[in-house]
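Commentary on secondary and tertiary structure
Residues per chain, in single letters:
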Amino acid sequence: MPSASSAPSASSGSSSPLAGAWLRGIAVNPSAGPGVQLRLLRSAVRAAWEPLCEHGDLPQAVVEAVLAHPSPQVRGAFARNHRADPAHRGRLARDPDALVRARLAGGPRPRSDQVVPLPDDALMTLLTAEDGPGDDPLVTADEIRQELAFSGQIPPSFPHRMTCHDRSELRAYAAGYWHWLTPAERETLRADPDPAVREAARKRIRDEDPEAMRADLPDEDCLPRRTLLYNCAVSAAVAEACLTAGRDLTSLAHNRYTPAFAVQRLARHPDPEVRALVAARADLGPGLLAALADDPDEGVRLRARTHPLPRTWAQRDALDRVIGRGADQIGALARSFGEPDPGWYADCAASGDPLLRRAAASWPDLPADAAARLAADPDPDVRHLLACNHPAAPPELLLEAFLALPRQRAHLRTLPRLPRTGLRHLLGHADAEVRALAAGDPTLEELPLRLLDDPDAAVRRAAAANPRLPGDLLARLLEDPATAEDAAANAALTDARLHALLDRAGVPEGAAAGEAR
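Conventions we followed
- Residues numbered from 1 in each chain as written.
- Predicted model: local features only at pLDDT ≥ 70, side-chain atom pairs only at ≥ 80, totals over all residues.
- Heavy atoms only, no water.
- Helix = DSSP H or I, 4+ residues; strand = E, 2+ residues; numbered from the N terminus.
- Buried < 20%, exposed > 50% of the residue type's maximum accessible area, 1.4 Å probe, protein only.
- Contact = heavy atoms within 4.5 Å.
- Areas by Shrake-Rupley, 256 points an atom, 1.4 Å probe, with all protein chains shown as cover.
- pLDDT = per-residue confidence, 0-100.
- Salt bridge = Lys/Arg side-chain N within 4 Å of Asp/Glu carboxyl O.
- Arc of directions from axis to C-beta.
- Polar contact = N/O pair within 3.5 Å; in protein donor to acceptor, adjacent residues only side chain to side chain.

A word on the overall build of the chain. Along its length, the chain carries 34 helices and 0 strands. Over its C-alpha atoms, taken along the principal directions, the chain stretches across nearly 85 × 60 × 40 Å. Burial status across the chain gives 50% buried among its 517 residues. Partitioning the contacts of the chain with sequence separation of at least 6, the portion at a separation of at least 24 is 53%. Here the chain has roughly 23,200 Å² of accessible surface; of this, 54% comes from carbon and sulfur atoms.

Turning our attention to the confidence of the model for the chain. Mean pLDDT over the chain: 91, with 95% of residues reaching 70 or higher. Note that residues 1-14 has pLDDT below 50 and, in this model, 28 contacts with residues that lie over four places away or in other chains. Note on residues 511-517: pLDDT is under 50 here. Beyond four places in sequence and across chains, it has 23 contacts.

A separate point is the pattern of salt bridges. According to the stated counting rule, one finds 35 salt bridges in the structure shown. A salt bridge links D95 to R75, with the nearest nitrogen and oxygen atoms 2.6 Å apart. Of this pair, D95 sits in the loop between helix 6 (86-89) and helix 7 (98-106) while R75 is found in helix 5 (residues 72-78), placing the two residues 20 residues apart along the sequence. Classification of D95 by relative accessible area gives buried; the value is 4%. R358 is the partner of D379 in a salt bridge, and the nearest nitrogen-oxygen pair spans 3.0 Å. Here D379 is found in the loop between helix 26 (368-375) and helix 27 (380-389), whereas its partner R358 is found in helix 25 (residues 354-361), with 21 residues between them in sequence. Look at D379 and you get buried, because its relative accessible area is 12%. Salt bridges here are not isolated pairs; linked through shared partners, they connect D221, R225, R247 and D248.

Moving on, we get to helix 24 (residues 342-349). Among the residues of helix 24, W344, Y345, C348 and A349 are the ones counted as buried. All buried residues of helix 24 fall inside an arc of 145 degrees around its axis, so they share one side. Capping of helix 24 at its N-terminal end is provided by D341; its side-chain oxygen lies 2.7 Å from the backbone amide nitrogen of G343.

In the segment running from R109 into P110, the intervening peptide bond is cis, with an omega of 0 degrees. Residue P310 is reached from L309 by a cis peptide bond, and omega for that bond is -5 degrees. The topology assignment puts P310 in the loop between helix 21 (298-306) and helix 22 (313-320). The phi dihedral of D248 falls on the positive side, at around 60 degrees, and the residue is not glycine. With respect to the secondary-structure elements, D248 resides in the loop between helix 16 (236-245) and helix 17 (249-254). Judged by relative accessible area, D248 falls into the buried class, the value being 14%.

Next up on the list: the environment of Q153. Topologically, Q153 is positioned in the loop between helix 9 (141-149) and helix 10 (158-162). When its relative accessible area of 0% is taken as the criterion, Q153 is described as buried. Q153 has contacts with R89, L104, A105, G106, G107, P108, V115, P117, L118, L123 and L148, leaving out every residue within four places of it along the chain. Within the structure, Q153 has its side chain in polar contact with the side chain of R89 (distance 2.9 Å). At a separation of 3.1 Å, a polar atom in the side chain of Q153 contacts the side chain of S151.

Shown next, in the form of structure tokens:
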């Protein structure tokens, strides 16, 4: 069997299945140098574009070539790269292709609630963009803004900075976060010299006007009705109508504006879900809270007893994110626009109640000493939430969470502190995802040869990419279409061997195409 560097180039053109497998593997090879990566950006090598640009850890020279590339496929893939510096990705906010801008707005892949925000200038560009005559009618500026709104790339501090921005449309945008603005910021927007900004503020003030909500409330069951009853001021007449009809009661129980008489009646409702929502409210008096703490339903009692008075609505919302679900369901949490005071999280970390400690473990800014205590917490959900959310979680805890939380493995694999070595004890694990992690360990004393025949394809791929494989075996794997892609991703391959594979695949030498788009 000839080695990768000695076989004739005529045997496999760039369109062959074997050549395509090499290109896809080289694209994600962690040892590939800039010269190899730039060759992959040649216009004929489309098979490598998305794996290289969406998943690769690219040096600056390659980033510049990607951003200048003439193909929107290349730029759009880079827009989703979770390893890329957001400042580099943010340069695509002005890309001429709407689909590239939409991919930037949608956020990195794999999706995670913990996304590093885009720079302010990129956010402002996307938020103020207008459709042009040559834009794709299937991807409008409004749709791109909607993608951005749900991507997690807007930091909670951004609306505050926009309340005094020179551009009136950004001040109007800030008014959309009315509930989280300070009283001084609200007053500034109310008195804004631009009528459009004042109108945006007026609309949000209307959310706190119960008669305005009553006028806007649809009669039929629909999302606008649920949204109004969940978030906006509720008149006594609307609350009474809902109570009488027995409809929208969970929305009323959650809504901070629900009148006190309605809250009292909801606290006695036969549905424990309704009573539990009441038990979580921040406006309860001691008597009603004590009654709910003795409720016959365990879930209601738990919600009432977990969070003592006095409370805030932000604290209620933070607890809502962790109560009733395990760490595998919760995973990494996005920052809220209305986070509780940091001191509350610190108090939760020291609490004897594991539910409060879970809330603390989900906060990525928890001080290091408190995080260290929670890393050894007796409650596994506390430890695993810390692993998913806190940047200082110890590596051994991340590995523990990887074993225990199958739903969170895609997120945990993106974290650099997840151990990739010392995994010999996991080679025979019953879970294929765990075996695949272990199969890639470059420090294994025993070569993972038997895993090359593992019944799971992901394990076989990881074993083929292990840099501990001997050179003759790696050369054979490169010639087998079933293992060629993963063998080409093997970090043991030198740049010289990768260039030889590119020669055989028919990839031209030289700089990347389109570097001066």
